[in-house]
Amino acid sequence: MVTNESQLIPIVQLFTPNTLPNLKKGVLTISSLILDNLTEAKWKSLANNTPFSPAVGDGAEADATDPLNDTALRTFKPGTVLRYGYEIYNAKLNNAKQPNLSAKVRVFRDGKIILDGRETAVELNGQADLERIKASGALSLNKNMTPGDYVLQVIVTDHRADAKRNLASQFIQFEIRE
C-alpha cells in the first residue's frame, strides 16, 4: 500500500526511460528492434529479388499480413516470416575504415531459450554510412509454434573493440497468435 507520494517515484522511474544511449561516448550500441511480418511467398520474392504479386483466389488474401499487428502490436501468425531490423552505432573501424561485426539472435519463451542462433557476420555490402550500419534478419515462424509471448534478442559483437566494450544487445517482446 502506498502511504505517500515519495513511494511512487521508484515505480515511475522503473517504467519511464530516463536515459537515452549517449552515442558520443563511442561505445558499441544498437538501436531498438523493428519487426515486420511477411508471408512465405513475399519473403521468397524478396530473397530472390523478384516482384511479388499474390494470385487472387489461391489463398493469398488469407495469408496477408497486417502492418498494425506487425509493428505496433507485435502480433504474428504461425507459418509466416518475422523480419527484424536495427542499426549499429560506434563500431570500431580498422585503418581501411572497415568494421568487423557479427550478430546472433536468441528467442525466449517462458524465460527459456528456444532458439540460440549461430553468430554470423554483419553484411556490409551497400552500406553508405559505416557510422550507422543497417542490419536485419528473419526467422521462419513454424506453423506448429505455440501461441503466446516470446522475446527476440539480438546480440552484436564488435571484434575490433576491447573485450569490455565489444558487445551490445537489444530485445523485443512479440506474440504468436492464431
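Residues numbered from 1 in each chain as written. Predicted model: local features only at pLDDT ≥ 70, side-chain atom pairs only at ≥ 80, totals over all residues. Heavy atoms only, no water.

## Looking at the environment of Leu139
Okay, so step 1: Here Leu139 shows up in strand S8 (residues 132–140).
Okay, so step 2: Through-space distance from the C-alpha of Leu139 to that of Asn37 is 9.7 Å; in sequence the pair is 102 residues apart.
Okay, so step 3: The contact partners of Leu139, leaving out residues within four places of it in the chain, are Thr80, Val81, Leu82, Tyr84, Val105, Val107, Leu115 and Leu152. (Helix = DSSP H or I, 4+ residues; strand = E, 2+ residues; numbered from the N terminus. Contact = heavy atoms within 4.5 Å.)

## Here we look at the environment of Phe76
Okay, so step 1: Tracing the backbone shows Phe76 in strand S3 (residues 75–76).
Okay, so step 2: A relative accessible area of 0% means that Phe76 is categorised as buried.
Okay, so step 3: Taking the C-alpha atoms as reference points, Phe76 and Asn37, 39 residues apart in sequence, are found 6.7 Å from one another. (Buried < 20%, exposed > 50% of the residue type's maximum accessible area, 1.4 Å probe, protein only.)

## Let's talk about the side chain of Arg109
Okay, so step 1: Mapped onto the elements of the fold, Arg109 is located in strand S5 (residues 101–109).
Okay, so step 2: Summary of buried charges: Arg109 has no salt-bridge partner, and the nearest side chain of opposite charge, Asp110, is 4.2 Å away.
Okay, so step 3: A polar contact of 3.3 Å, which involves the side chain of Arg109, links it to the backbone oxygen of Asp149.
Okay, so step 4: Not counting chain neighbours up to four residues away, the residues in contact with Arg109 comprise Ile114, Thr146, Pro147, Gly148, Asp149 and Tyr150. (Lys, Arg positive; Asp, Glu negative; His and termini not counted. Salt bridge = Lys/Arg side-chain N within 4 Å of Asp/Glu carboxyl O. Polar contact = N/O pair within 3.5 Å; in protein donor to acceptor, adjacent residues only side chain to side chain.)

## Details of the pairing of strand S6 (residues 112–116)
Residues in a regular strand point their side chains to alternate faces of the sheet.
Okay, so step 1: Sheet analysis places S5 next to S6, joined by 4 bridges and oriented antiparallel. Opposite Val107, over in S6, you have Leu115 as the bridge partner. (Pairing = 2+ DSSP bridges.)

## Description of a positive patch on the surface
Okay, so step 1: A cluster of like positive charges, contributed by Lys25, Lys92, Lys164 and Arg165, occupies part of the molecular surface.
Okay, so step 2: Tracing the backbone through its elements, the reader meets Lys25 in the loop between helix H1 (9–15) and strand S1 (29–30).
Okay, so step 3: Lys25 gets classed as exposed once you look at its relative accessible area, which sits at 64%. (Patch = residues over 30% accessible without salt bridge, like charges linked within 9 Å, V, L, I, M, F, W, Y side chains within 5 Å. Areas by Shrake-Rupley, 256 points an atom, 1.4 Å probe, with all protein chains shown as cover. Charge placed at Lys NZ, Arg CZ, Asp CG, Glu CD.)

## Notes on unusual backbone geometry
Okay, so step 1: Even without being a glycine, Asn90 presents a positive backbone phi close to 65°.
Okay, so step 2: Along the chain, Asn90 turns up in the loop between strand S4 (81–89) and S5.
Okay, so step 3: What makes Asn90 buried here is its relative accessible area of 19%.
Okay, so step 4: For Lys97, which is not glycine, the phi dihedral falls at a positive 60°.

## Notes on the nonpolar core
Okay, so step 1: Counting residues in each nonpolar core, the largest one holds 29 residues, and the members touching the most others are Tyr84, Tyr86, Ile88, Leu152, Val156 and Phe174.
Okay, so step 2: When contributions to this core are tallied by element, the ones reaching two or more residues are S4, S5, S8, strand S9 (148–158) and strand S10 (167–176).
Okay, so step 3: Setting aside its immediate chain neighbours within four residues, Val156 contacts Leu28, Ile30, Tyr86, Ile88, Leu101, Ser102, Ala103, Asn166, Leu167 and Ala168. (Core = buried A, V, L, I, M, F, W, Y, C linked by side-chain atoms within 4.5 Å.)

## Looking at the confidence of the model for the protein chain
Okay, so step 1: Across the protein chain, pLDDT averages 79, with 73% of residues at or above 70.
Okay, so step 2: Confidence over residues 1–19 falls short of pLDDT 50; this stretch has 3 contacts with residues more than four positions distant or in other chains.
Okay, so step 3: When the criterion is pLDDT under 50, residues 52–63 qualifies, and its contacts beyond four places in sequence or with other chains add up to 9 contacts. (pLDDT = per-residue confidence, 0-100.)

## Considerations on the pairing of S5
Okay, so step 1: The element S5 is extensively covered by neighbouring structure, given that 8 of its 9 residues are classed as buried.
Okay, so step 2: Here 8 bridges tie S5 to S9, and the two strands are oriented antiparallel to one another. Directly across from Val107, in S9, lies its bridge partner Leu152.
Okay, so step 3: Pairing analysis gives 2 bridges linking S5 to strand S7 (residues 120–121), with the strands arranged antiparallel. Within S7, the position partnered with Ser102 by the bridge is Ala121.
Okay, so step 4: What sits between S5 and S6 in their antiparallel hairpin is a turn of 2 residues, with Asp110 showing a positive phi close to 55°.

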